[in-house]
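Examining the three-dimensional arrangement
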Amino acid sequence: MSGAAAPMKTDGLTLLVAGGAGFIGSNFVRHILGEHADWRLVNVDKLTYAGNLANLADVAGSPRYRFHRTDICDAGEIARIFAEEKPDAVVNFAAETHVDRSIDDPGLFLRTNILGTQVLMDAARKAGVARYLQISTDEVYGSLGPTGRFSEDSPLRPNSPYAASKTAADLLVRAYFKTYGLPAFITRCSNNYGPYQFPEKLIPFFVTLLHEGKPVPVYGDGMNVRDWIHVDDHSRAVEAVLLRGRPGEIYNVGGGNERTNMEITKLLLAAMGKGESSMKFVPDRPGHDRRYAIDDTKIRTGLGVAPKVSFDEGLRATVRWYLENEPWWHAVKSGEYQSFYDRWYVRKDRV
Ligand code: NAD
Ligand code: TYD
């Protein structure tokens, strides 16, 4: 992709974030409200099983924050929100995100991840927003052998329905830039970890299982490799692309932390004071990508963005966070979190 767009005005910006009640979105919302005292933030989220208003309890009362419980596939509601809120820029985190769930129900992933992106971009185009940022994933590039890294020019070879739906959305973003001149760009990040991650993903799943005295299920031989990045480093990268990125471009974001699942599992067993008897090998995930690794030269040299959080410290802090926030993940595992919307926004009895 290529092309230029007028610089974005950043004073008093209204930023619409889709999917801001999920793991990365909620960390990003908190980051932006903290960094930009004159920005308004409008969060549009359907609150699927992965959306949790407790993730934003500390910012929900801010006069600079608005929440709309809306499906991004609902074109009428999205148009109404754009007319009411008049966003200057949009960041789209909203998606179905769990590979295992995409294997069970691909249709849901195609609807939200592809059609939802189209609906948001149509609204963004009609409203004439200054920037549209699509949050994508390194999984669009498929799987690597033992060597090499993904660059922005690597071929798109998704292997799961989740990755295929994110790839299709990325291609739509490209088409909207080329066809309509939507000032859109894409970030493709590696595996995130940190607070507020839904405990179905590797790290919080394993920490919470071990805390409950249950064994952790390692898929296949445990030698699959992921490149882990702390969610705060991802938030900083997204902010930099929004402010200084070039529309039409794609930016890879990585942590420079390649670990096998066995390495992660052993670190978590040690952190939780458990032995290897608390680990069991289970049948492999179908189509399981072997290795992801990111070449982030473009964002590093072009925008001066590099991860700051060391993996050892980040993982220690993350394990500590889950141990200190047991009520948060208990509410998630019990399903209680799904009543927060009614309590906070319908009955308005939040204290
Ligand atoms: P998540 O599953 O924790 O949160 C997704 C959020 O989107 C939830 O709040 C959910 O309610 C909302 N949502 C889902 N469907 C919706 C719909 N139809 N309308 C409105 N809202 C809807 O996901 P996450 O891990 O925070 O990931 C956020 C984004 O980052 C996704 O686009 C994902 O593909 C991408 N990403 C994630 C990772 C990772 O490691 N978690 C890595 C790279 C990229
Ligand atoms: P996950 O957190 O689901 O992220 P992704 O599939 O998007 O990379 O999984 C990370 C790695 O951990 C992946 O290789 C699959 C593996 N895994 C397990 O071995 N056991 C589990 O229970 C889970 C959830 C994941």
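Here, the structure is the one placed above.
So, here is what we can say about the structure in this document. (Residues numbered from 1 in each chain as written. Chains lettered and ligands numbered in written order. Predicted model: local features only at pLDDT ≥ 70, side-chain atom pairs only at ≥ 80, totals over all residues. Heavy atoms only, no water.)

**Description of the side chain of threonine 167**
With respect to the secondary-structure elements, threonine 167 resides in helix H5 (residues 161–180). According to the relative accessible area criterion, threonine 167 is buried, its value standing at 7%. Excluding its chain neighbours within four sequence positions, the residues that come into contact with threonine 167 are Val140, Leu156 and Pro158. (Helix = DSSP H or I, 4+ residues; strand = E, 2+ residues; numbered from the N terminus. Buried < 20%, exposed > 50% of the residue type's maximum accessible area, 1.4 Å probe, protein only. Contact = heavy atoms within 4.5 Å.)

**Re the site of ligand 1**
Residues in close proximity to ligand 1 total 28 residues, the closest being Ile24, Asp45, Thr97, Tyr162 and Lys166. A distance of 3.4 Å separates an oxygen atom of ligand 1 from a polar atom in the backbone of glycine 51. Between ligand 1 and lysine 166 there is a distance of 2.7 Å, counted from an oxygen atom to a side-chain nitrogen or oxygen. Out of a free accessible area of 840 Å², ligand 1 has 97% covered by protein chains. When contributions to the shell around ligand 1 are tallied by element, the ones reaching two or more residues are helix H1 (23–35), strand E5 (131–137), H5 and strand E7 (191–193). Among the residues making up the shell around ligand 1, the classes are represented as twelve nonpolar, twelve polar and four charged. (Near = heavy atom within 4 Å. Polar contact = N/O pair within 3.5 Å; in protein donor to acceptor, adjacent residues only side chain to side chain. Areas by Shrake-Rupley, 256 points an atom, 1.4 Å probe, with all protein chains shown as cover. Nonpolar A, V, L, I, M, F, W, Y, C, P; charged D, E, K, R; others polar.)

**Describing the site of ligand 2**
For ligand 2, the set of nearby residues contains 18 residues, the closest of which are Glu139, Pro217, Arg226, Arg285 and His288. Between an oxygen atom of ligand 2 and a side-chain N or O atom of glutamate 139, the distance comes to 2.6 Å. Between ligand 2 and proline 217 there is a distance of 2.8 Å, counted from a nitrogen atom to a backbone nitrogen or oxygen. Protein burial of ligand 2: of its 510 Å² of free accessible surface, 97% is covered by the chains. When residues of the shell around ligand 2 are traced back to their parent elements, those giving at least two are helix H6 (202–211) and strand E8 (216–219). Across the shell around ligand 2, the residue classes break down as eight nonpolar, five polar and five charged.

**With respect to the sheet that holds E5**
Ordered by their spatial adjacency, seven strands build an open sheet running E3-E2-E1-E4-E5-E6-E10, and the pairing between neighbours is parallel. Edge positions in the open sheet fall to strand E3 (65–69) and strand E10 (250–253), since each of these has one partner strand only. Strand-to-strand twist of the sheet, defined as the mean angle between neighbouring strand axes without regard to direction, takes the value 20°. Of the strand pairs in this sheet, strand E6 (residues 184–189) and E10 are connected by four bridges, and their pairing is parallel. The partner of arginine 188 across the bridge, within E10, is asparagine 252. Set on the sheet, helix H2 (residues 75–85) makes contact with strand E1 (14–18), strand E2 (40–45), E3 and strand E4 (89–92); between it and E3 the angle comes to about 165°. Against the sheet, helix H4 (residues 106–127) touches E1, E4 and E5, its axis set at about 165° to E5. (Pairing = 2+ DSSP bridges. Axes fitted to C-alpha atoms, helices over the stretch in contact; angles between N-to-C directions.)

**Let's talk about the environment of lysine 333**
Mapped onto the secondary structure, lysine 333 falls in helix H11 (residues 326–334). Residues lysine 333 and isoleucine 114, 219 residues apart in the sequence, show an inter-C-alpha distance of 28 Å. Discounting residues that sit within four places of it in the chain, lysine 333 has contacts with Pro199, Thr208, Leu209 and Glu212. Engagement of the side chain of lysine 333 in a polar contact is seen with the side chain of threonine 208, the distance being 2.9 Å. Separated by 3.3 Å, the side chains of lysine 333 and glutamate 212 make a polar contact.

**Re the side chain of threonine 137**
By the element assignment, threonine 137 lies in strand E5. Among the residues examined, threonine 137 registers a relative accessible area of 6% and is labelled buried. A distance of 3.4 Å separates a polar atom in the side chain of threonine 137 from a polar atom in the side chain of aspartate 138. Of note is the side chain of threonine 137, whose polar atom sits 3.0 Å from the backbone nitrogen of glutamate 139.

**Remarks on the pattern of salt bridges**
Summed over all chains, the structure comprises 23 salt bridges. Its salt-bridge partner being aspartate 71, residue lysine 46 comes within 3.5 Å of it at the nearest N-O pair. Pair noted here: lysine 46 is in the loop between E2 and E3 and aspartate 71 is in the loop between E3 and H2, with a separation of 25 residues, a long-range link. On the accessibility criterion, lysine 46 (36% relative accessible area) is partly exposed. (Salt bridge = Lys/Arg side-chain N within 4 Å of Asp/Glu carboxyl O.)

**Some remarks on the packing of H6 against helix H8 (residues 261–271)**
Two elements in contact, H6 and H8, have axes whose closest approach is 10 Å; the angle formed by their N-to-C orientations is 35°. Classified by chirality, the crossing of H8 by H6 is right-handed. Together, Leu202, Ile203, Phe206, Val207 and Leu210 of H6 and Asn261, Ile264, Thr265, Leu268 and Leu269 of H8 make up the contact between the two elements. Class assignment of the residues belonging to the contact of H6 with H8 gives a composition of eight nonpolar, two polar and no charged. (Left-handed = near helix turned anticlockwise from the far one by under 90°.)

**Regarding H4**
If you check H4, its first and last C-alpha atoms are 31 Å apart, about what 22 residues at 1.5 Å a residue would give, namely 32 Å. The largest bend in H4 comes to about 25°, at glycine 116. Within H4, burial applies to Phe109, Thr112, Asn113, Ile114, Gly116, Thr117, Val119, Leu120, Met121, Asp122, Ala123 and Ala124. In this structure, the buried side of H4 is in contact with E1, H2, E4, helix H3 (99–104), E5 and H5. Phi turns positive one or two residues past the end of H4, at glycine 128, with a value near 65°. (Expected span 1.5 Å × (residues − 1). Bend = angle between axes of the 7 residues up to and from the residue.)

In short, the description is geometric, and any link to function would need to be established separately.
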